[in-house]
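# Overview (structure and organization)
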Amino acid sequence: MMTYYIMLGAIALVSWLVSNKLKSKFKHYSKVHLRNGMSGAEIAEKMLADHGIRDVKVVSTPGMLTDHYNPANKTVNLSEGVYNQRNASAAAVAAHECGHAVQHATAYEWLTMRSKLVPVVSITSGMSMWVVFGGLMLGAAAGVGFGFYIAVAGLVMMGLATLFSFITLPVEYDASNRALAWLKNKNMVSQQEYAGAEDALKWAARTYLVAALGALASLVYWGLQVFGGRD
């Protein structure tokens, strides 16, 4: 158990460092004002139009770094700062979220896979560790009995969440690649602005990578506990 807590602490530290670096990068590039004077909302609307997407709305949502694309109601949700601001950070985020809209419109397979897992993972991810722990408490460590099967069920739930985290990686990286390609090909940003957008999106992607590795490490640890791999 001590090994698990050390591992969790290490992952939490790395996650905190990456998150802080991401916020620092976005703050820095928010000072790099766009030469075209377009806001994040205007960038998003133009990218959607350039890809022939007419049925997706660009809306403002409260908070910081709360930006996301909602395939259910076809909305690109931009945080208040991104929606209104006219800088490299806003351009990067707005274009990235539109990258997801383009994925949806073109039936990008990894986004389709992730979308199918959302309903299941949203229910099971929060309870998976408790199910595994409960199974262990009922005697799963012995490898027999009702508790063992409960613990295995919890591992399956945890495995789905881990799979979801790894499927998210190509979805996020591809959205960033689509965003950067569009910004460059359409001459939406200067060379300096492009470099800022690229760097900001690179750090955003790393937050998903850390989350995926953390999910995998947790799955491996609890799997070892259930199947008898104790310290």
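Residues numbered from 1 in each chain as written. Predicted model: local features only at pLDDT ≥ 70, side-chain atom pairs only at ≥ 80, totals over all residues. Heavy atoms only, no water.

### Let's talk about the pattern of salt bridges
Close approach of charged atoms allows side chains with opposite charge to pair. Rule in force here: Salt bridges, as used here, are contacts in which a Lys or Arg side-chain nitrogen is within 4 Å of a carboxyl oxygen on Asp or Glu. By definition, any uninterrupted DSSP run of H or I lasting at least four residues is a helix, any uninterrupted run of E lasting at least two residues is a strand, and each is numbered from the N terminus. Burial classes follow relative accessibility: with a 1.4 Å probe on protein chains only, a residue under 20% of its type's maximum area counts as buried, one over 50% as exposed, and anything between as partly exposed.
Under the counting rule described, the total for this entry stands at 7 salt bridges. Between lysine 74 and aspartate 55 there is a salt bridge; the shortest N-O distance is 2.6 Å. Of this pair, lysine 74 sits in the loop between β2 (68-70) and β3 (75-79) while aspartate 55 sits in the loop between α2 (40-50) and β1 (57-61), and the two are 19 residues apart along the sequence. For aspartate 55, a relative accessible area of 47% corresponds to the partly exposed category. Its salt-bridge partner being arginine 178, residue aspartate 174 comes within 2.5 Å of it at the nearest N-O pair. Of this pair, aspartate 174 and arginine 178 both sit in helix α7 (residues 146-185), 4 residues apart, roughly one helical turn. Residue arginine 178 is classed as partly exposed on the basis of its relative accessible area, which comes to 25%.

### A few points about the environment of lysine 21
Looking at the secondary structure, you find lysine 21 in helix α1 (residues 2-29). A C-alpha to C-alpha distance of 32 Å links lysine 21 and leucine 155, two positions 134 residues apart in sequence.

### Observations regarding the packing of α2 against helix α4 (residues 88-105)
Rules: Under this scheme, a helix contributes an axis fitted over its contacting stretch, all axes are lines through C-alpha atoms, and angles between N-to-C directions fall in the 0 to 180 degree range. Handedness of each helix crossing follows the sense of rotation of the near helix against the far helix: counterclockwise by less than a right angle gives left-handed, clockwise gives right-handed. Contact criterion: two residues are considered in contact whenever any of their non-hydrogen atoms come within 4.5 Å of each other. In this count, Pro and Cys sit with the nonpolar residues alongside Ala, Val, Leu, Ile, Met, Phe, Trp and Tyr, while Asp, Glu, Lys and Arg are called charged and the others, Gly among them, polar.
The N-to-C vectors of α2 and α4 enclose an angle of 30 degrees; their axes lie 8 Å apart at closest approach. Here α2 and α4 pass one another in a crossing that is right-handed. Here Gly40, Ile43, Ala44, Met47 and Leu48 of α2 lie close against α4, whose contacting residues are Ala90, Ala91, Ala94, Ala95, Cys98, Gly99, Ala101 and Val102. Taken together, the residues of the contact of α2 with α4 sort by class into 11 nonpolar, 2 polar and no charged.

### Let's talk about the packing of aromatic side chains
Stated formally: What counts as a ring pair is set by centres within 6.5 Å for rings of Phe, Tyr and Trp (its six-membered ring), and what kind of pair is set by the plane angle: stacked under 30 degrees, edge-to-face over 60, tilted for all other angles. For a ring to carry a charge above it, either NZ of a lysine or CZ of an arginine must fall within 6 Å of the ring centroid while also lying within 35 degrees of the normal to the ring plane.
A full pass over the atoms with the stated rule returns 4 aromatic pairs. Residues phenylalanine 148 and tyrosine 149 carry aromatic rings whose centres are separated by 5.4 Å and whose planes lie at 75 degrees to one another, so their mutual orientation is edge-to-face. Assessed through its relative accessible area of 13%, phenylalanine 148 is described here as buried. Centroid distance tyrosine 221 to tryptophan 222: 5.3 Å. Interplanar angle 85 degrees. Geometry classified as edge-to-face. We note that tyrosine 221, like tryptophan 222, is buried. Grouped by ring-pair contacts, the aromatic residues Phe133, Tyr221 and Trp222 constitute a single cluster. Just above the ring of tyrosine 108 sits the side chain of arginine 178; from NZ or CZ to the centre is 5.4 Å. Note that lysine 184 overlies the ring of tyrosine 194, its terminal NZ or CZ placed 5.8 Å from the centroid.

### Examining the packing of α2 against α7
In a packed pair of helices, the relevant descriptors are the angle between the two axes and the axis-to-axis distance. What counts here: We call two directions roughly parallel when the angle between them is under 35 degrees, roughly antiparallel when it is over 145, roughly perpendicular when it lies between 65 and 115, and oblique otherwise.
Following both chains from N to C, one finds α2 and α7 inclined at 90 degrees, their axes separated by 11 Å at the closest point. The orientation of α2 with respect to α7, classified from their angle, is roughly perpendicular. From α2, Ile43, Lys46, Met47 and Asp50 reach across to α7, where they touch Arg178, Ala179 and Trp182. A breakdown of the residues in the contact of α2 with α7 according to their chemical character gives 4 nonpolar, no polar and 3 charged.

### Comments concerning a nonpolar patch on the surface
Applied cut-off: Two joining distances apply to patches: 9 Å for like charges and 5 Å for nonpolar side chains (Val, Leu, Ile, Met, Phe, Trp, Tyr), and every residue must have over 30% relative accessible area and no salt bridge. Computed by Shrake-Rupley with a 1.4 Å probe, the accessible areas treat only the displayed protein chains as cover when residues are assessed.
A cluster of nonpolar residues, Phe166, Tyr173, Leu209, Leu213, Leu216, Val220 and Leu224, forms a patch on the protein surface that exposes about 570 Å² of accessible area. With respect to the helices and strands, valine 220 occurs in helix α8 (residues 191-226). Residue valine 220 is classed as partly exposed on the basis of its relative accessible area, which comes to 44%.

### Here's the deal with α2
Condition: To obtain the arc, one takes the directions from the helix axis to the C-beta atoms.
Three or more residues of α2 are buried, namely Gly40, Ala41, Ile43, Ala44, Met47 and Leu48. When α2 is viewed along its axis, its buried side chains cluster within an angular range of 160 degrees and face the same direction. If you follow the buried residues of α2, they end up packed against β1, β3, α3 (80-84), α4 and α7. Glycine 52 sits one or two residues past α2 and shows a positive phi near 70 degrees.

Bear in mind that shape data such as this cannot, by itself, settle questions of function.
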